[in-house]
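Observations on chain architecture
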Amino acid sequence: MTAFTVRLLQVQAVDADTYAAKGDVNRYVTYEIAAERGSITDRSGGELATTVDAYDIIGDPLLLTPAQTGVRDGPEQAAELLAPILDRDPEELAEKLSAPKSRYAVLARSRTPQVWKQIKDLKSALAEKTAPGDVSVLAGINQEPHSKRVYPNKELAAGILGFVNARGEGAGGLEALLEKDLAGEPGRITYAQSGGRRVPTESAREQPAVPGSDVELTIDRDIQWAAQEAITEQVEKSAADRGYVIVQDTRTGEILAMANAPGFDPNDISSASETGTGLGNPALQDAYEPGSTSKVMSMAAVLEEGVATPDTHVTVPNRLHRADRSFADDVDHPTWYLTLNGVLAKSSNIGTILSVEQLGKTQKEANRVLHSYLRKFGLGRPTGLDYPGETPGILAKPEDWSASQQYTIPFGQGLSLNAVQAASIYSTIANGGERIEPQLVRGLRAPDGSFVPAPEPERTRVVGEKTAKTLAKMLEAVVGNEQGTGTKARIPGYRVAGKTGTSNRVDPETGGYRGYTASFAGFAPADKPRLTVYCAVQNPTRGSYFGGQVCGPVHKKVMEFALKTLEVPPTGTKPPGLPVEFEPGD
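From a predicted model like this one, the values you see are computed outputs, not experimental measurements. (Residues numbered from 1 in each chain as written. Predicted model: local features only at pLDDT ≥ 70, side-chain atom pairs only at ≥ 80, totals over all residues. Heavy atoms only, no water.)

Here we come to the overall build of the protein chain. What the protein chain contains, in helices and strands, is 21 helices and 24 strands. Counting all 586 residues of the protein chain, 51% fall into the buried class. Considering only contacts within the protein chain whose residues lie at least 6 apart along the sequence, 72% involve residues at least 24 apart. Averaging the coordinates of the 62 positive side-chain charges in the protein chain and doing the same for the 74 negative ones gives two points 3 Å apart. (Helix = DSSP H or I, 4+ residues; strand = E, 2+ residues; numbered from the N terminus. Buried < 20%, exposed > 50% of the residue type's maximum accessible area, 1.4 Å probe, protein only. Contact = heavy atoms within 4.5 Å. Lys, Arg positive; Asp, Glu negative; His and termini not counted. Charge placed at Lys NZ, Arg CZ, Asp CG, Glu CD.)

This paragraph deals with the environment of Gln 248. Looking at the element boundaries, Gln 248 is found in strand β12 (residues 242-249). The spatial distance from the C-alpha of Gln 248 to the C-alpha of Leu 440 is 10.0 Å, given a sequence separation of 192 residues. Looking at Gln 248, its side chain comes within polar contact range of the main-chain oxygen of Gly 253, at 3.0 Å. Here the side chain of Gln 248 touches Ser 427 through a polar contact of 2.8 Å, side chain to side chain. (Polar contact = N/O pair within 3.5 Å; in protein donor to acceptor, adjacent residues only side chain to side chain.)

This part covers the environment of Gln 228. Along the chain, Gln 228 turns up in helix α10 (residues 221-238). Of the residues examined, Gln 228 reaches a relative accessible area of 10% and is grouped as buried. Along the primary structure Gln 228 and Leu 156 are separated by 72 residues, whereas in three dimensions their C-alpha atoms are 7.3 Å apart. Apart from the residues lying within four places of it in its own chain, the contact partners of Gln 228 are Glu 155, Leu 156, Ala 157, Ala 259 and Asn 260.

Direction vectors running N to C along α10 and helix α21 (residues 552-565) enclose 165 degrees, while the axes themselves pass 9 Å from each other. For the element pair α10 / α21, the angle class is roughly antiparallel. Like other packed secondary-structure pairs, α10 and α21 cross with a definite hand, here right-handed. Along its contact with α10, which presents Asp 222, Ile 223, Ala 226, Ala 227, Ala 230, Glu 233 and Gln 234, the element α21 presents Val 554, Lys 557, Val 558, Phe 561, Ala 562 and Thr 565. Per-class residue counts for the contact of α10 with α21 are eight nonpolar, two polar and three charged. (Axes fitted to C-alpha atoms, helices over the stretch in contact; angles between N-to-C directions. Parallel < 35°, antiparallel > 145°, perpendicular 65-115°, else oblique. Left-handed = near helix turned anticlockwise from the far one by under 90°. Nonpolar A, V, L, I, M, F, W, Y, C, P; charged D, E, K, R; others polar.)

Another aspect to go through is the nonpolar core. For soluble globular proteins, nonpolar side chains are generally found buried alongside one another. If you look at the biggest cluster of nonpolar residues, it comprises 90 residues, and the most contacted ones within it are Leu 217, Ile 246, Met 258 and Tyr 534. When residues in this core are grouped by element, the largest group, eight residues, is from helix α18 (residues 419-430). Residues in contact with Tyr 534, not counting those within four places in the same chain, are Tyr 244, Val 245, Ile 246, Tyr 288, Ala 419, Ala 422, Ala 423, Ser 519, Phe 520 and Ala 521. Ranked by size, the runner-up nonpolar core spans 32 residues in total, among them Ile 223, Ala 227, Ile 231 and Leu 531. (Core = buried A, V, L, I, M, F, W, Y, C linked by side-chain atoms within 4.5 Å.)

We now examine the sheet that holds strand β23 (residues 513-524). One open sheet accounts for five strands, arranged β13-β12-β24-β23-β22; its pairing is antiparallel. Either end of the sheet is taken by a strand with one partner, and the two such strands are β13 (255-261) and β22 (497-506). Strand-to-strand twist across the sheet, computed as the mean angle between neighbouring axes with direction ignored, equals 10 degrees. Relative to β23, β22 is paired through nine bridges, and the arrangement is antiparallel. By the bridge assignment for β23, Thr 502 is matched with Ala 518. The strands touched by α21 within the sheet are β12, β23 and β24 (531-538), with β23 carrying the most contacts at an inclination of about 30 degrees. (Pairing = 2+ DSSP bridges.)

Here we come to the packing of aromatic side chains. Following the criterion strictly, the structure yields seven aromatic pairs and no others. With centroids separated by 6.0 Å and ring planes inclined at 55 degrees, the aromatic side chains of Phe 327 and Tyr 407 adopt a geometry described as tilted. With a gap of 80 residues between them, Phe 327 in strand β16 (residues 325-327) and Tyr 407 in helix α17 (residues 405-408) connect regions that are remote in the sequence. Note on accessibility: Phe 327 and Tyr 407 belong to one class, buried. Between Phe 327 and Phe 411 the ring centres are 6.3 Å apart and the planes differ by 75 degrees, which places this aromatic pair in the edge-to-face class. Separated by 84 residues along the polypeptide, Phe 327 in strand β16 and Phe 411 in the loop between α17 and α18 bring together distant segments of the chain. A relative accessible area of 6% places Phe 327 in the buried class. Within the aromatic cluster, the residues linked to one another by ring pairs are Phe 327, Tyr 407 and Phe 411. Lys 346 extends its terminal NZ or CZ atom over the ring of Trp 336, reaching a point 4.5 Å from the ring centre. (Phe/Tyr/Trp six-rings, centres within 6.5 Å; stacked < 30°, edge-to-face > 60°. Lys NZ or Arg CZ within 6 Å of the ring centre and 35° of its normal.)

Take the pattern of salt bridges next. Following the criterion strictly, the structure yields 25 salt bridges and no others. Across the pair Asp 121 and Lys 117 runs a salt bridge whose closest N-O atoms are separated by 3.1 Å. With Asp 121 and Lys 117 both in helix α6 (residues 113-129), this residue pair falls four residues apart, about one helical turn. By sharing partners, the salt bridges in this structure join Arg 37, Arg 149, Glu 175 and Glu 179 into a single network. (Salt bridge = Lys/Arg side-chain N within 4 Å of Asp/Glu carboxyl O.)

The next point concerns the packing of helix α4 (residues 74-86) against helix α5 (residues 90-97). Running from N to C, α4 and α5 point in directions that differ by 130 degrees, and their axes come no closer than 8 Å. The orientation of α4 with respect to α5, classified from their angle, is oblique. In terms of crossing hand, the pair formed by α4 and α5 is right-handed. Of α5, the residues touching α4 (which contributes Pro 75, Glu 76, Ala 78, Ala 79, Glu 80, Leu 82, Ala 83 and Leu 86) are Pro 90, Leu 93, Ala 94 and Leu 97. Class assignment of the residues belonging to the contact of α4 with α5 gives a composition of 10 nonpolar, no polar and two charged.

To continue, consider the environment of Arg 221. Here Arg 221 shows up in helix α10. Along the backbone, Arg 221 and Pro 262 are 41 residues apart, and their C-alpha atoms lie at a distance of 18 Å. Ignoring anything within four residues of it in the chain, the contact list for Arg 221 reads Asp 42, Gly 46, Glu 47, Leu 48, Asn 153 and Leu 156.

Another point: helix α15 (residues 349-356). A large share of α15 lies buried, amounting to eight of its eight residues. Here α15 has its buried residues at Asn 349, Ile 350, Gly 351, Thr 352, Ile 353, Leu 354, Ser 355 and Val 356. Two to three positions downstream of the cap, the backbone nitrogen of Ile 350 sits 3.5 Å from a side-chain oxygen, assigning the N-cap of α15 to Ser 348.

Interpretation note: all reported values are geometric properties and have no functional meaning in isolation.
Spelled out as structure tokens, the structure:
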């Protein structure tokens, strides 16, 4: 009794403050409850990015001090036990668990439930062997429930989706753009514990986490897959730097596919740096000179201003001297006697220059008129997607065009755009001359299940419906006429309108021209448009580099798949067969 009384006085009087502090340290802990990140789906609800249960393994260094564990090397012992489970270096873990005055150390992120179960079972076994009054060396090891981001389709649509960082926050693409909607709001929980275990008889204070909203995209997963397969195959076949394919619904502006090659797997972003593919979305972030696909805008201006018709005669010499240089077409030829329709079908640079010169009484006036149309088609300005890192392209003011630019811009050199802008130009023609801002997001689905649609896209009248229909007929000649440059884009049973492009490419390393950009843009059915498909391949070095040869087949493959997927029937009508040439003297 005497010994008991002395010990009681020691505990309650002499060492009271010490034991009270030790009790407070061990008694209450507060942890953040991670909010479940919203999923990203395609237009039909197919998951493109989702979350699975995972745990961040954390440590409380204060609970591993000698005063708490009764041993001098608590952090080292804990590190040796955890290293093989977490696949971490023991010295690295020991250093984190030895941080002075710290109550929080992240030992590993996004571990599976199985990993935490191993640690939990080990903690229980050690706690049973620990001396009374002390805590085990794993008592300070806990977990924070965490949602690990998973991309079940790997590379599919990775350029659009982006990726998350080690903390689970959006760090690229739509994951970053929509971070606030996807992330939700974390909660907090405070509870009593002893020896690393929660005291079941004590109540807990909890503020629940609010899950993030799900995001529904305009993307069709099947069409995205077809586009990605086609462009990946062509980039490899052409030994090219990269390529992109855009598929757009001409009636709504919704993007059904945006594929890049080569791509990356957002589940393992380290592989992108190892292979040099990068983590961006080149379809929106690359600015390049489009070449002849942009001639459709020059023709739109000429038709809308009423200075020519598809039947207007244009005599095209072998060379055309303007400013300080001599301009040529892509092939040497005798004098061509073409209609305006033929200029587009044969993709004549000289014929385009001669036609655009008619837009004004002076060259400066013609430049201003053309520039106004290029702006209305969306060049030199953002697409409206607000995508991180998107380029608006380059379109100088007409008064700043150089002596040569005023003649090269009409056929697509001396200005730049991105692939979505290029697709939007053709969707504008297909939609009767009205431009609809492209869309990638259909809406958000809140945690309560309610759906909030995306705002209606902005609409702009670019050219009249008559001009648009005329252009569609002219673009059919590019594909349907044997003299056209786009015959490889034909689809049996369907009327296809389109345009080839082969432009000199600016080398990003030297700033000078080196190599080519091959492209093809078009829509179908030509007389009742539903879909636009745009393809571009940068710097093809094996085989042909002409747009019709490189991208024409890609356009055909993707367009054919998309039409069948959406069950778009052929119209069954015959093309108009506009004349390409005229006889001198007529």
